[in-house]
Number of protein chains: 2
Amino acid sequence: MSPRARTARTKEDQGHEAAGQAPRAGDLTRTKILHSAEDLFGEHGFDGVSVRQIALAAGVPVALVNYHFGGKEGLYRAIFEMRSPAIVDDRLAGLRLAELEPNPDRKLELIIRALIVPMIHLRNTEKNSSYARILARETSSPSRHSKEIIGEFFDPVARKVTEAMMQALPDRRPEEIHWAYHTMIGAMVFIMADTGRINRLSDGTCDPDDEMSTATHLVALLHAALKHGRVPEPPRKGNL
Amino acid sequence: MSPRARTARTKEDQGHEAAGQAPRAGDLTRTKILHSAEDLFGEHGFDGVSVRQIALAAGVPVALVNYHFGGKEGLYRAIFEMRSPAIVDDRLAGLRLAELEPNPDRKLELIIRALIVPMIHLRNTEKNSSYARILARETSSPSRHSKEIIGEFFDPVARKVTEAMMQALPDRRPEEIHWAYHTMIGAMVFIMADTGRINRLSDGTCDPDDEMSTATHLVALLHAALKHGRVPEPPRKGNL
DNA sequence: AAAAATCTTGTCAACTTGTTCAAATCTGCT
DNA sequence: AGCAGATTTGAACAAGTTGACAAGATTTTT
């Protein structure tokens, strides 16, 4: 069979890349495939791309994909293993920063920024823009496979964010916090999906490529939503 | 060839179903296929389902799909032609209602409701829940095909909504209106996608199946976002 | 230098994909 | 009853799918 297949040593490759710990021969091929896959998956989705197209784009024989990643699913997972840590770590760092802020209003904004800015930044970093699209697709897909991947890679940090929100907004019911959180994720993910609709409908006034402007607007809107968006009635049953 | 292929007479079938105007023989088959397709496309996306799976679920031979809809794409389009008018009309009706409201604050809320409530309602109407998922997928997909379909069926009403928003919030720059609009769409579409993540992360406290509660929370949050979410600085270039 | 592990390559088989075809059946109309 | 058009059917098609293999090339270790 294959000596080291599956999604084995991806952490070493990306995680501590600086300390050159035995870069093997196949690593160049790995990253070539990984990048092509990222682009194509981002554009057409998991089912919309064949391994052959990826291999062709990467300029390698098809068999190499199976050798290095143990199949199409393994390749897909490898993309998440490569990219996710960066966002998650950035978010956690942002949350730690928010904890230090005494002013409750500023604190709330910092939490929102911790959630949003890493992703916006990711999207606008040349090489990673496709991953943002992949993430957008996956986040809003109801399939079992998507749930597993998102759950594994992003649920932990999601819980941290909601906890921080509860602390920053102590007068809200958990229900309100969670709806607010998913409103934020939805808005963010939609803009990250990059359908071009924003540019189209705004006649070019709004441009997601403008990292600064996008973040400013999105944070302002979501900050207002969280700060002033109280739900009037406590949730008694049978109200119509 | 096929006498009447393509996506011909879908309006007659669904639109004015009451007045029985010549229900042809194949109409039952058509709707069987249409419904199965809706479910499967909603669950796995366009590329995630094969025509054979759809035919199998509908209990008809594969060839009938091509006969009635002229191919897979035609079938997909037919779903939009069947479902879209209902939402679009509901939204337009909601917008007309909002125009009559004198109180600017209430007016803004009515506009938001006009955009959101029809879709939430659609999602929670037994038969149509899958279409909401299809719509969510398609709205946040960057592929050319998705752009075309969404553009054709939903851009017109989108422009009406943004126009109404500009009237209700005359002190905002167009830029702000458009970011706000896409924030709304994103939040809504994400919740409609129905990934189960909301239930999971909130430990069941939030349930998108509860139409009333979902609408209340979402409208409250977005209303606050639009009302208080001003962007501080005018967009001068080169700000860092 | 020899041996062992790793990496690359072209090809293959088993299977699924969307679509088409000719023949059969059903339908309503004169 | 008979006919024309609409509908249904099962089979077939060409093209593309994934994953696997053995054999060769390369690198690393002994």
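Look up: the structure comes first, before these words.
Thresholds applied
Residues numbered from 1 in each chain as written. Chains lettered and ligands numbered in written order. Predicted model: local features only at pLDDT ≥ 70, side-chain atom pairs only at ≥ 80, totals over all residues. Heavy atoms only, no water. Near = heavy atom within 4 Å. Polar contact = N/O pair within 3.5 Å; in protein donor to acceptor, adjacent residues only side chain to side chain. Helix = DSSP H or I, 4+ residues; strand = E, 2+ residues; numbered from the N terminus. Buried < 20%, exposed > 50% of the residue type's maximum accessible area, 1.4 Å probe, protein only. Least-squares fit on C-alpha atoms with pLDDT ≥ 70 in both. Contact = heavy atoms within 4.5 Å. 1 Å grid on protein atoms, 1.4 Å probe; cavity = no way out; pocket = protein on both sides within 12 Å on 5 of 7 lines; lining within 4 Å. Points joined across faces, edges and corners; volume = space filled by probe spheres on them. Nonpolar A, V, L, I, M, F, W, Y, C, P; charged D, E, K, R; others polar. Core = buried A, V, L, I, M, F, W, Y, C linked by side-chain atoms within 4.5 Å. Phe/Tyr/Trp six-rings, centres within 6.5 Å; stacked < 30°, edge-to-face > 60°. Lys NZ or Arg CZ within 6 Å of the ring centre and 35° of its normal. Expected span 1.5 Å × (residues − 1). Bend = angle between axes of the 7 residues up to and from the residue. Salt bridge = Lys/Arg side-chain N within 4 Å of Asp/Glu carboxyl O.

Undergrad: Teacher, can you tell me more about the protein's contact with DNA strand D here?
TA: The environment of DNA strand D is made up of 21 residues, and the closest members are Arg52(A), Asn66(A), Thr29(B), Pro61(B) and His68(B). Considering the 4 Å shell around the protein, atoms of DNA strand D inside it are sugar or phosphate in 62% of instances. With respect to DNA strand D, the side chain of Arg52(A) contributes an N or O atom lying 3.4 Å from a base oxygen. Contact distances for DNA strand D include 2.4 Å between a phosphate oxygen and a side-chain N or O atom of Thr29(B). Put simply, the parts of the chain that give the surface near DNA strand D at least two residues each are α3 (51-58) and α4 (62-69) of chain A together with α4 (63-69) of chain B. With 4 residues, the single largest contributor to the surface near DNA strand D is α4(B).

Undergrad: Hey, could you run me through unusual backbone geometry in this one?
TA: Residues apart from glycine generally show negative phi values, whereas peptide bonds are mostly found in trans. Residues and elements named next belong to chain A. Unlike most non-glycine residues, aspartate 203 shows phi in positive territory, near 55°. With respect to the secondary-structure elements, aspartate 203 resides in the loop between α10 (197-201) and α11 (211-228). The class of aspartate 203 is exposed, set by a relative accessible area of 67%.

Undergrad: Just checking my understanding: could you explain the relation of the copies chain B and chain A for this structure?
TA: Both copies of the chain are related through a single rotation about an axis accompanied by a shift along the same axis. Once chain B is rotated about the relating axis by 180° and shifted along it by 0.0 Å, it coincides with chain A to within an RMSD of 0.1 Å. Here the copies are linked by what is in effect a two-fold axis. Considering only C-alpha atoms, the part of chain B nearest the rotation axis is Ala225(B), at 2.1 Å. The overlap is high: 100% of the interface residues of chain B also sit at the interface in chain A, so the same surface is used on both sides.

Undergrad: Would you mind going over the layout of surface pockets with me for this structure?
TA: The gaps of empty space that remain are located by a probe, the size of a water molecule, rolled over the atoms. A volume near 820 Å³ is recorded for the largest pocket. Surrounding the largest pocket, 31 residues form its lining, His44(A), Gly45(A), Arg137(A), His44(B) and Arg137(B) being those nearest its centre. Listed by contribution, the elements that provide at least two residues to the lining of the largest pocket are α2 (27-44), α5 (72-100), α7 (129-139) and α8 (144-168) of chain A together with α5 (72-100), α7 (129-139) and α8 (144-168) of chain B. A class-by-class count of the residues in the lining of the largest pocket yields 4 nonpolar, 16 polar and 11 charged.

Undergrad: In this structure, what is going on with the nonpolar core? I would like to understand it.
TA: For soluble globular proteins, the rule of thumb is that nonpolar side chains tend to be buried together. Core analysis: the biggest nonpolar cluster contains 142 residues, and Phe41(A), Phe154(A), Phe41(B) and Phe154(B) have the highest contact counts within it. With residues up to four places along the chain from it excluded, the contact list for Phe41(B) reads Phe46(B), Val49(B), Ile54(B), Lys72(B), Leu75(B), Tyr76(B), Ile79(B), Ile134(B) and Arg137(B).

Undergrad: Just to check I follow, could you spell out the packing of aromatic side chains for this structure?
TA: Centre distance and the angle of the planes are the two values used to describe a pair of aromatic rings. Residues and elements named next belong to chain A. In total, this model carries 12 aromatic pairs over all chains according to the counting rule given. Here the aromatic rings of phenylalanine 41 and tyrosine 76 are separated by 4.9 Å at their centres, their planes lie at 85°, and the arrangement is edge-to-face. Separated by 35 residues along the polypeptide, phenylalanine 41 in helix α2 and tyrosine 76 in helix α5 bring together distant segments of the chain. For the pair shown, phenylalanine 41 and tyrosine 76 are each scored as buried. Through pairs of rings, three or more aromatic residues link up here, namely Phe41, Phe46, Tyr76, Phe80, Tyr131 and Phe153. Sitting over the face of the ring of phenylalanine 46, lysine 72 holds its NZ or CZ atom 4.6 Å from the ring centroid.

Undergrad: Teacher, can you tell me more about α8(A) here?
TA: Note on helix geometry: an α-helix contains 3.6 residues per turn, so any two residues three or four positions apart are oriented the same way. Spanning 25 residues, α8(A) covers 33 Å between terminal C-alpha atoms, matching the ideal 36 Å at 1.5 Å per step. Along its length, α8(A) shows its largest kink, about 55°, at Phe154(A), and proline Pro156(A) lies within four residues downstream of that point.

Undergrad: Explain the interface of chain B and chain A here, please?
TA: A common way to state how big an interface is: give the accessible area lost once the parts meet. The interface of chain B with chain A comprises 62 residues on the first partner and 62 residues on the second. The tally of links from chain B across to chain A stands at 4 salt bridges. Asp155(A) is the partner of Arg200(B) in a salt bridge, and the nearest nitrogen-oxygen pair spans 2.3 Å. For the interface between chain B and chain A, the tally reads 8 residue pairs in polar contact (both at pLDDT 80 or more). For the side of chain B that touches chain A, the elements supplying multiple residues, two or more each, are α2 (27-44), α7, α8, α9 (174-193), α10 (197-201) and α11 (211-228) of chain B. If one sorts the elements of the side of chain B that touches chain A by residue count, α9(B) sits on top with 14 residues.

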